[in-house]
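A closer look at the structure
Now for the letters of each chain:
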Amino acid sequence: MTPIPIEDPDDPRLAAYTRMRERDLVGREGRFIAEGEVVLRVLLSPRARFRVESVLLSPERLPGLAPALTGLDAPVYLAAKAVMGAVAGFPIHRGVLAVGLRGPDPAPDALVPAGPALLVGLVGLANHDNVGGLFRNAAAFGADAVLLDAETCDPLYRKAIRVSAGTSLTVPFARLPTGDGLLDLCERQALVPVALSPRGEAITGLPPLPRALLLLGTEGPGLPEALMARARRVAIPMAPGVDSLNVAVAGAVALHRLGGERLARL
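Residues numbered from 1 in each chain as written. Predicted model: local features only at pLDDT ≥ 70, side-chain atom pairs only at ≥ 80, totals over all residues. Heavy atoms only, no water.

Under an unreviewed UniProt entry, the name given to the protein chain is RNA methyltransferase, and the organism recorded is Methylobacterium terricola.

Looking only at helices and strands, one finds ten helices and eleven strands in the protein chain. Overall, the protein chain is about 60 × 35 × 35 Å in size when its C-alpha atoms are taken along their principal axes. Within the protein chain, contacts between residues separated by at least 24 positions form 74% of all contacts whose residues are at least 6 apart in sequence. Element-wise, carbon and sulfur atoms account for 56% of the exposed surface of the protein chain, whose accessible area totals about 12,300 Å². Here the protein chain contributes 28 positive and 27 negative side-chain charges, whose respective centroids are spaced 4 Å apart. (Helix = DSSP H or I, 4+ residues; strand = E, 2+ residues; numbered from the N terminus. Contact = heavy atoms within 4.5 Å. Areas by Shrake-Rupley, 256 points an atom, 1.4 Å probe, with all protein chains shown as cover. Lys, Arg positive; Asp, Glu negative; His and termini not counted. Charge placed at Lys NZ, Arg CZ, Asp CG, Glu CD.)

This part takes up unusual backbone geometry. Phi is mostly negative for residues that are not glycine, and the peptide bonds are mostly trans. Although it is not a glycine, Ala165 adopts a positive phi angle of roughly 55°. Its place among the elements puts Ala165 in the loop between α6 (158-163) and β8 (173-175). Located in the positive-phi region is Ala190, a residue other than glycine, with phi close to 55°. With respect to the element layout, Ala190 can be found in the loop between α7 (179-189) and β9 (192-202).

With that settled, the discussion passes to the sheet that holds strand β7 (residues 145-148). Spatial ordering of the open sheet is given by β8-β7-β6-β10-β9-β11, a layout of six strands whose pairing is parallel. Lying at the two open borders of the sheet, with one neighbouring strand each, are β8 and β11 (232-235). Taken over all neighbouring pairs, the strand axes of this sheet differ in orientation by 35° on average, direction set aside. Note: strand β6 (residues 117-123) against β7, four bridges, orientation parallel. When the bridges of β7 are listed, Gly121 appears paired with Leu147. Its contacts with the sheet place helix α9 (residues 247-258) against β6, β9 and β10 (211-217), and it is angled at close to 170° to β10. (Pairing = 2+ DSSP bridges. Axes fitted to C-alpha atoms, helices over the stretch in contact; angles between N-to-C directions.)

Moving on, we come to helix α3 (residues 62-69). Considered for burial, the residues of α3 that qualify are Leu62, Leu65 and Leu69. Looking straight down α3, one finds its buried side chains confined to an arc of 75°; they lie on one side. Of the exposed residues in α3, those oriented more than 90 degrees away from the buried face are Pro63 and Pro67. Looking at the buried positions of α3, the neighbouring elements they touch are α2 (37-44), β3 (51-57), β4 (76-78) and β5 (96-101). Backbone geometry just downstream of α3 places Gly71 in the positive-phi region, at approximately 85°. (Buried < 20%, exposed > 50% of the residue type's maximum accessible area, 1.4 Å probe, protein only. Arc of directions from axis to C-beta.)

Two elements in contact, helix α5 (residues 128-140) and α9, have axes separated by 9 Å at closest approach and are oriented at 15°. It follows from the interaxial angle that α5 and α9 lie roughly parallel. Crossing hand, α5 versus α9: right-handed. Residues Asn130, Gly133, Leu134, Asn137 and Ala138 of α5 pack against Val247, Ala248, Gly251, Ala252 and Leu255 of α9. (Parallel < 35°, antiparallel > 145°, perpendicular 65-115°, else oblique. Left-handed = near helix turned anticlockwise from the far one by under 90°.)

Our focus in this paragraph is the packing of aromatic side chains. In total, this model carries three aromatic pairs according to the counting rule given. Between Phe32 and Phe50, the aromatic rings sit 5.4 Å apart at their centres with planes inclined by 75°, giving edge-to-face as the arrangement. Of this pair, Phe32 sits in strand β2 (residues 31-35) while Phe50 sits in the loop between α2 and β3; the two residues are 18 residues apart in sequence, bridging distant segments of the chain. Overall, Phe32 belongs to the buried group, its relative accessible area being 1%. Grouped by ring-pair contacts, the aromatic residues Phe32, Phe50, Phe135 and Phe173 constitute a single cluster. (Phe/Tyr/Trp six-rings, centres within 6.5 Å; stacked < 30°, edge-to-face > 60°.)

Structure representation (structure tokens):
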């Protein structure tokens, strides 16, 4: 790995990094941006599901990251933070960026294990912080994969990756067109769909479910009634006067309960 110094913000080799915020909204033609040291180290690790196209660092960050970059088959560019900011369109305080390659999306059914299985299904989640947080929860509590409907935001959006602490680069995920598609998958794969609802049975009394999919909807409206009607409804007991939990927090509580037995075996 021989770093390549770059001084010109218009250097074509940095084209994938230009106007990052604008391109967050329209996509990058099969690419995504990884930002920050924690995320970059995950992307460089054997756990990552994606390949690195290039790395862009401020010079002072190179010594600490050099061991992780050893053997990388991709260019490593060095540019001052002022140059990085001019390319990105806003100040890059961390001085650590990379471009990853998405590759083909897996088939949703292919992500369901043959034996014990725990998956997360996201329906209509447009908040990147919540999606990133739920990927981190999925990784922490041993979920096998995350399935998303078409309305849920991209887990490879820059902020979602950062909030996930890089776990959206390691936890397998796939999309289905609708929430109904998630329930249809449950029928095909013999998964018990579990939906959080204030009107459900207490999750503390839920028996072990060897094969389950936890359904989570957007905050406020929650899951559509038609989807909950096809699922096992469970509620998280809370103190009087508290209406609900943030969806990422609720997801963590539910995943801890559903994944308890498998966590005990780790």
